[in-house]
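Structural overview
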Amino acid sequence: MTPKDIHDLSADEWDELNDPRPEGNDFDQVVERAISRRGFLSGVLAFGSGAAVMGAGMLKGTTAMAQPASRFPFTPIAAQTDGTIHVPEGYSWKTLVRWGDPIFSDADGAYDSAAGVSGEFADRVMGENTDGMELFNVDGREILVVNSEYTNNKTNLPHREDGLPGSLDDVRILQHLQGVTVMELTQNADGWSVVVDSPYNRRIHHNTPMVFSGPAAGHDLLKTKADPTGMTSLGTFNNCGSGRTPWGTYLTCEENFNGYFGATSDVSADEMVMDGFKRYGVSTKVDSGRYNYHGFDARFDIATNPNEPHRAGYIVEIDPANPEMTPIKHTALGRFKHENAAYAIAADGHVVVYMGDDERGEFMYRWVSNDVYVPGEDTSRLLVDGTLSVAVFEDDMSGRWLPLTPSTTGMEAAHIAAFTRMAASKVGATTMDRPEWIAVHPNASEAYCCLTNNSRRGVLNDDGTVRTNAGGDPMTTNAVNPRETNRYGQIVRWRPEGGDHGADVFSWDLYVMAGNPTVHTEGPNAGSANINAGNLFNSPDGMQIDSTGFIWIQTDGDDDNEGDFAGMGNNQMLAGDPVTGRIERFLTGPNGCEVTGLTWSSDRRTMFVGIQHPGSNWPDGEGNLPRSAVITVARDDGDLIG
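Anyway, here's the lowdown on the structure attached to this text. (Residues numbered from 1 in each chain as written. Predicted model: local features only at pLDDT ≥ 70, side-chain atom pairs only at ≥ 80, totals over all residues. Heavy atoms only, no water.)

Examining the nonpolar core
Ranked by size, the top nonpolar core spans 67 residues in total, and within it Met355, Tyr365, Trp367, Val390 and Leu404 carry the most contacts. Among the elements of the structure, helix H6 (168–177), strand S10 (250–254), helix H7 (271–280), strand S14 (350–357), strand S15 (364–372), strand S16 (386–393), helix H9 (413–418) and helix H10 (420–426) are those that each provide at least two residues to this core. Of the residues forming this core, the biggest block, 4 residues, is contributed by H6. For Val390, the contacting residues outside a window of four places in its chain are Phe363, Met364, Tyr365, Arg400, Trp401, Leu402, Leu404, Ala424, Val427 and Ala429. In terms of nonpolar packing, the next biggest core, distinct from the first, is built from 25 residues, Ala342, Met432, Leu451 and Trp508 among them. (Core = buried A, V, L, I, M, F, W, Y, C linked by side-chain atoms within 4.5 Å. Buried < 20%, exposed > 50% of the residue type's maximum accessible area, 1.4 Å probe, protein only. Helix = DSSP H or I, 4+ residues; strand = E, 2+ residues; numbered from the N terminus. Contact = heavy atoms within 4.5 Å.)

The following block contains the structure:
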């Protein structure tokens, strides 16, 4: 891969190129967990809600199983490989808003089909690479909040052949196209549209003022020359998945923040900071930053500002009803590559937030507030005071949450907040296959997490050592991550003891193991029994559960439609029935894209879906730049859609 191709790399590929993860651990210490687990896979694979009890789940190729009857209100569609969107008969889609579309009237016409958007208007238009989103009804107004995860530099800086910024103005374009867009929507006979100049509209980006809360706020690790208090910062970064709170605020999640930082000279810092750079993939190599921010904006030069990376990697709370609110970075919820945030209310009223750390071999987390949620009363401490825990999945299909406290980790509270991965390693958390979106079932006491893939799981080096995560924790196969070099991914489901999300123990199973039974006739890569030639997919990523209980699964995987991925076509959105285990394809995106982000209008008659980094010239056609966008999907008869 040449330097000019660096922006074509995925975040994992970029991490591996610039800061390779440790290659091994002593094999003798982990050999037991590296043993093949085919013998008990039939026990961990579930087919429907009763499968774990009734023993119905099984691997493809073990025992024949008929597909249960469909409850889906649509006819499944076939895989597609073209450059547009497909939905079932009786449904229609429309483009709602694309990157570069104005949310303020002074930016009308700011987008150019060849040049993109200039720095003058980059923070006045819809951001790039839409991801997580939520819709809020504020005094009868529909307010859509959408993440913009990262930029496609060759598209967003078309005047730079290599895609790298060549000036501070270029950097500002990239910085202002990322973050979060808040915009009011309206609906008429022609469909939905953005209310330009709505008082609720705002852009939150890499230079927007933020404040810190929680144990790391004000700590020396967060202090910089620009902010000697360690209480304020600028910007939110790599906003991937999202979440919402029961009190009506939006949670945006900072994921691959490490790539924004670089060094103009050798880095000198104390041992803890240098260890943190290694664990979080912040490269200390000179001129290695993925976006070249550090070349023009000294804030991102860790040679002069080594604490700046400690100010990213959090969950940020935004109030869509209050444009004057300063976003809050909640350090108590931990610092890692946050995918999304899914809430539940414990039996005693405490707020629970589930979170995944999207990197190979990292962990799943849970937050439980100290105070209870009471509608209409003060909520300001619910994401500040509480206990952060990390998950252990046992091979007997039990699990538990281990608290990350000074007594369990030997670390002070601020260090746990800033170096959460290191704290989780200390208590022996289970390394996972890239935990992506988590969804809590609204009508049942269960939750789900997409484990998207892990090409390093179970890989041995020539000297007999096994690949590890960045902290040296071995990535051997285990029951919840049962496949070596996991290409396809799986979805784990857990049920807290007593139906209480505040309980510290749970039972678990695998709702689905993606695979390809048309290529692999038996064994783990064939997938679970609810995978068939008609619903093939890989790398489950986004996930939401609608009010009826259907699980909507979005993919961000290999779409070359060849070899192991033959028959899967473009990335897609599927619907899963947790009662029967059946999964059917509902939508396919244009080739090259990721389908990501999903929410509904207040009346549940419109679905909003994100299309990120389309590889074709979608949606404007030949001769135009590709543009990520939010689309609407509705039934032609106007009936409910979730």
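That was the structure; now back to the text.
A closer look at the layout of surface pockets
Its volume calculated, the second largest pocket comes out at about 720 Å³. Lining the second largest pocket are 40 residues, and of these Glu134, Arg244, Tyr343, Gln544 and Ile545 lie nearest its centre. Only strand S2 (130–138), strand S9 (239–244), strand S13 (338–345), strand S18 (435–440), strand S22 (540–545) and strand S26 (594–600) provide two or more residues apiece to the lining of the second largest pocket. A per-element tally of the lining of the second largest pocket places S2 first, with 5 residues. Classifying every residue of the lining of the second largest pocket by side-chain character gives 19 nonpolar, 16 polar and 5 charged. (1 Å grid on protein atoms, 1.4 Å probe; cavity = no way out; pocket = protein on both sides within 12 Å on 5 of 7 lines; lining within 4 Å. Points joined across faces, edges and corners; volume = space filled by probe spheres on them. Nonpolar A, V, L, I, M, F, W, Y, C, P; charged D, E, K, R; others polar.)

Notes on the packing of aromatic side chains
Across all of its chains, the model carries 28 aromatic pairs by this definition. Ring geometry for Phe261 versus Phe300: centroids 5.5 Å apart, planes at 35°, classification tilted. Taken together, the residues span a long stretch of sequence, with Phe261 in the loop between S10 and H7 and Phe300 in the loop between H7 and strand S11 (315–318) at a distance of 39 residues. Of the two residues, Phe261 and Phe300, neither departs from the other in class, the shared state being buried. Measuring from centroid to centroid gives 5.0 Å for Tyr293 and Phe300, while their planes differ by 75°, and the two rings are edge-to-face. (Phe/Tyr/Trp six-rings, centres within 6.5 Å; stacked < 30°, edge-to-face > 60°.)

Thoughts on the pairing of S22
Within S22, 6 of the 6 residues are buried, which leaves the element mostly enclosed by the surrounding structure. Bridging between S22 and strand S23 (residues 551–555) involves 4 bridges; their strand directions are antiparallel. Paired with Gln544 across the bridge in S23 is Trp552. Counted between consecutive antiparallel strands, the loop separating S22 from S23 contains 5 residues, among which Gly549 sits at a positive phi close to 100°. (Pairing = 2+ DSSP bridges.)

So far we have only geometry, and geometry alone does not tell us how the molecule works.
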